[in-house]
Amino acid sequence: MRSFREEKGFTLIELAIVIVIIGILLGLVLRGSDLIEGAKQKKVRAIPGKWEVPIWTYYDREGVFPGDTNSDGLINSYAALTAALDADSISHPPDSIEGVISEIESIATPCAVAGETRNAMLIGYDSTTPASTLDVNIAKRIDEDIDGQADGTTGRVRYCGQAGATVAAAWPGSGNVTASYFFDKIP
C-alpha cells in the first residue's frame, strides 16, 4: 500500500499563492489599460488648447485670424487656416488626435446667437463623411474643463448638432457627438 505522503502534488497553500499571484497580475493589466484609456482621453481633451496657441500666435503676428482671407474676423475654411499657419511657419496639431477629427471655421449658427456667424472649433466633426467622432463623455469633460459645467447649452462649449448648425441642446446620454467650441467670442 502507498501512503499519501509519498505522492507528489501541490498543497493548498501553494495553489493559493499561485491564485493570488495571478490575481495581482490581472489587476495590474486592468489598471494599465485604464491608464492608457485615461491618457487617450487627456490627449483629446487638450485639443482646444493645442489649436488655440497657433491661432492666437498668428493673430498676434498678423492682426487677423489665419484663414481670414477678407479681414472680416472670420476664418473662411479649415484649409485656409492650415495654409496660413504653414505659410507663416507656425506648427499646428494634426487633423486627427486619437481618432477625433477637428475642424475650425466660421459657421452661421443659431447655437451661438441667431443670425450671427462665429468662428468655431468643431471637435469631433468629420465633414468628409459627415459624421461625429467624439465620445459624448469626453465632450462633457471638455465642456466642464472650459466652461466649468457640462450642460452643452451655455458658455463657449456647446452641443449644436453634428455640424454645429442647430440650436444648443443638452448633451445626449450616449454616442458620438460634435462639440462646438467658440474660441474667439463668447456667444
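Only a predicted model underlies this, so the values are computations on that prediction, with no experimental measurement involved.

## Describing the nonpolar core
In terms of nonpolar packing, the biggest core is built from 29 residues, with Trp51, Ile123 and Leu134 touching the most fellow members. For this core, the elements supplying multiple residues, two or more each, are α2 (47–62), α3 (78–87), β2 (100–108), β3 (117–123), α4 (136–147), β7 (157–159) and β9 (179–181). Discounting residues that sit within four places of it in the chain, Leu134 has contacts with Val44, Val100, Ile123, Gly124, Ala139, Ile142, Gly175, Asn176, Val177 and Ala179. Ranked by size, the runner-up nonpolar core spans seven residues in total, among them Ile107, Ala120, Leu122 and Phe182.

## A look at the sheet that holds β9
Read across the sheet, five strands follow the order β1-β2-β3-β9-β7 without closing on themselves; strand pairing throughout is antiparallel. On the outer flanks of this sheet lie β1 (96–97) and β7, each paired with one strand and no other. Where β2 and β3 come together, seven bridges link them in antiparallel fashion. Residue Ile104 lies in a different strand from β3, and its bridge partner there is Met121. Lying on the sheet, α4 is in contact with β3, β7 and β9; it crosses β7 at an angle near 145°.

Cut-off values and rules
- Position numbers for residues count from 1 along each chain, tracking the sequence in the order it is written.
- The predicted origin of the model limits local features to residues at a pLDDT of at least 70 and limits the giving and counting of side-chain atom pairs to 80 or more, whereas totals for whole chains, interfaces and linings rest on all residues.
- Side-chain numbers come from the whole structure's heavy atoms, not from hydrogens or water.
- What we call a nonpolar core is a set of buried Ala, Val, Leu, Ile, Met, Phe, Trp, Tyr and Cys residues that are connected through their side-chain atoms within 4.5 Å.
- The rule is simple: take the accessible area with a 1.4 Å probe, protein chains only, and divide by the maximum for that residue type; under 20% is buried, over 50% is exposed, in between is partly exposed.
- Runs of E in the DSSP output that reach at least two residues are strands. Runs of H or I that reach at least four are helices, and both are numbered from the N terminus.
- Note on contacts: a residue pair is in contact if any heavy atoms of the two residues lie within 4.5 Å.
- We call two strands paired when DSSP finds no fewer than two bridges between them.
- In this analysis, axes come from line fits to C-alpha atoms, helices being fitted only over the stretch in contact, and the angle between any two N-to-C directions falls in the range 0 to 180 degrees.

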